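In case you want the letters, here they are:
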Amino acid sequence: MDITGNEAADEIARNAAAGATSRAARLPEYLKKSLPHRRTAARQLIRAAIDQQATAIWERSPRHNQVTKRLALPDRKFYRSLETLPRKHASIITQIITGHIPLAAHLFKIRKVESPLCPACHEHNETVDHFIIHCPVHNTPRTELLQGLIQSQHNITHLLSTKELRARLLNYVAATGRMRAVFGNIPVLDEKAREDEIAETESSEDDDDDESEERRAP
């Protein structure tokens, strides 16, 4: 049997679930004030808003199309992995992504050399893709670079996708000697050691974030 009071309560509950609220004048004093926000939730909302704004700005950038040929908008882990690299190595990765790198195609574009042709094979323009993926003169170091990868993974985007592959890519650049005139000697990276070091760094940073959050919590 339906009870009138229960039916009324159910109706009020349904209205509240749909977003209806009581007029402020009818609320008790302690409910008229805004409820406090959880600090963690507020930080997440702010970060999400910043990320959304950054993405919108990036998509309007004239550099967007060039860079996203090789890499989508990098996440925090990508930036952290670059921060753990020696400065020289981080610079090379950045230049590979942007295409602003001392290879003949780019140097010709900025009028620093007379020809965009690859100085090694003299067959094609020395773009980033040609230097890393195609130039036959560098087949020997490229064998190690592409070891264990299937054909569809033989591209710059995939080689930039993980820390291990980025280390391989840097070692390939070092082995070719192509950047020596600009960067000098490029030390070879121990891929496994880099993985362990980066993992420890990320774990430490996550712990620091947690500790900071706990200290700030009321």
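Residues numbered from 1 in each chain as written. Predicted model: local features only at pLDDT ≥ 70, side-chain atom pairs only at ≥ 80, totals over all residues. Heavy atoms only, no water.

Asker: Account for the layout of surface pockets, with residues named and values stated.
Answerer: Roughly 320 Å³ of internal volume is contained in the largest pocket. Taken together, 17 residues line the largest pocket, and the ones lying closest to its centre are Gln66, Thr98, Gly99, His106 and Lys109. Among the elements of the structure, α7 (104-109) and α8 (128-134) are those that each provide at least two residues to the lining of the largest pocket. The dominant element in the lining of the largest pocket, judged by the number of residues it contributes, is α7, at three residues. Residue composition of the lining of the largest pocket, grouped by class: five nonpolar, six polar and six charged. (1 Å grid on protein atoms, 1.4 Å probe; cavity = no way out; pocket = protein on both sides within 12 Å on 5 of 7 lines; lining within 4 Å. Points joined across faces, edges and corners; volume = space filled by probe spheres on them. Helix = DSSP H or I, 4+ residues; strand = E, 2+ residues; numbered from the N terminus. Nonpolar A, V, L, I, M, F, W, Y, C, P; charged D, E, K, R; others polar.)

Asker: Please give an account of the pattern of salt bridges that cites residues and values.
Answerer: Per the counting criterion, the structure on display carries three salt bridges. Residue Glu11 pairs with Arg14 through a salt bridge whose shortest N-O separation is 2.8 Å. Note that Glu11 and Arg14 are positioned in helix α1 (residues 4-17) at a spacing of three residues, about one turn of the helix. Ionic pairing is found between Arg178 and Glu126, a salt bridge with its closest N-O pair at 2.7 Å. In this pair, Arg178 is assigned in the loop between α11 (163-176) and α12 (180-183) and Glu126 in the loop between α7 and α8, connecting sequence segments 52 residues apart. A residue is classified by how much of its surface remains accessible, and Arg178, at 24% relative accessible area, is partly exposed. Under the relative-accessibility criterion, Glu126 is labelled buried at 1%. (Salt bridge = Lys/Arg side-chain N within 4 Å of Asp/Glu carboxyl O. Buried < 20%, exposed > 50% of the residue type's maximum accessible area, 1.4 Å probe, protein only.)

Asker: Go over the packing of helix α6 (residues 87-98) against α11 with me, naming the residues and quoting the values.
Answerer: Across the interface, α6 lies against α11 with an axial gap of 11 Å and an inter-helix angle of 95°. When the interaxial angle is binned, α6 and α11 end up roughly perpendicular. Each of His89, Ile92, Ile93 and Ile96 in α6 lies in contact with α11, whose residues at this interface are Arg166, Leu169, Leu170 and Val173. Of the residues contributing to the contact of α6 with α11, the split by class is six nonpolar, one polar and one charged. (Axes fitted to C-alpha atoms, helices over the stretch in contact; angles between N-to-C directions. Parallel < 35°, antiparallel > 145°, perpendicular 65-115°, else oblique. Contact = heavy atoms within 4.5 Å.)

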